[in-house]
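Examination of the molecular architecture
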Amino acid sequence: WAGNLGLPFTHIASCGQDGKVIVWQQKCDGEKWESQVIQTTDKPQWRVSWSEMGNILAVSGAGNEASVWRQTQKGVWKKMSNLVPPEST
């Protein structure tokens, strides 16, 4: 669950072995949950973690890779950063 400090909606993020990261949003209590796939990779995604404000999402997965996502004012999720380990020599 994302923090909800003053936001007019609730977010949940999920990830899995299929490589998808999904953000779920409910605009008001009792309304239908809507989903948006924000990332699809060929590697499993293992963990999602929200910022305190609920507008930044960190994702980590196989291959020691991580990404950071931010929701724009229009509700679109944009990748801010992609962290990959240096290639071994």
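The paragraphs below set out a description of the structure included in this document.

About the criteria used
Residues numbered from 1 in each chain as written. Predicted model: local features only at pLDDT ≥ 70, side-chain atom pairs only at ≥ 80, totals over all residues. Heavy atoms only, no water. Pairing = 2+ DSSP bridges. Helix = DSSP H or I, 4+ residues; strand = E, 2+ residues; numbered from the N terminus. Core = buried A, V, L, I, M, F, W, Y, C linked by side-chain atoms within 4.5 Å. Buried < 20%, exposed > 50% of the residue type's maximum accessible area, 1.4 Å probe, protein only. Contact = heavy atoms within 4.5 Å. Polar contact = N/O pair within 3.5 Å; in protein donor to acceptor, adjacent residues only side chain to side chain. Axes fitted to C-alpha atoms, helices over the stretch in contact; angles between N-to-C directions.

1. A word on the pairing of strand β7 (residues 77-83)
Pairing analysis gives 6 bridges linking strand β6 (residues 65-71) to β7, with the strands arranged antiparallel. Bridged to Trp 69 within β7 is Lys 79. Hairpin connection, β6 to β7: the antiparallel pair is bridged by 5 residues, and Gly 75 has positive phi, about 90°.

2. Looking at the nonpolar core
One broad rule of soluble globular proteins: the nonpolar side chains tend to lie buried together. In this structure, Ala 13, Val 21, Val 23, Ile 38, Trp 50, Leu 57, Val 59, Trp 69 and Trp 77 together form the largest nonpolar core, which totals 9 residues. When contributions to this core are tallied by element, the ones reaching two or more residues are β2 (20-26) and β5 (56-61).

3. Regarding the environment of Lys 43
Structurally, Lys 43 can be placed in the loop between β3 (34-40) and β4 (45-50). Owing to a relative accessible area of 30%, Lys 43 belongs among the partly exposed residues under this scheme. Separated by 19 residues in sequence, Lys 43 and Ala 62 have C-alpha atoms that sit 5.8 Å apart. Once residues lying within four places of it in the same chain are set aside, the contact partners of Lys 43 are Gly 19, Ala 62 and Glu 65. Separated by 3.0 Å, the side chains of Lys 43 and Glu 65 make a polar contact.

4. Examining the sheet that holds β4
Sheets are built from strands paired through backbone hydrogen bonds, the pairs being either parallel or antiparallel. Spatially, 4 strands are ordered β4-β5-β6-β7 in an open sheet, and the strand pairing comes out antiparallel. Pairing within the sheet leaves two strands with one partner each, and these edge strands are β4 and β7. Pairwise comparison of adjacent strand axes, ignoring direction, gives a mean angle of 20° for this sheet.

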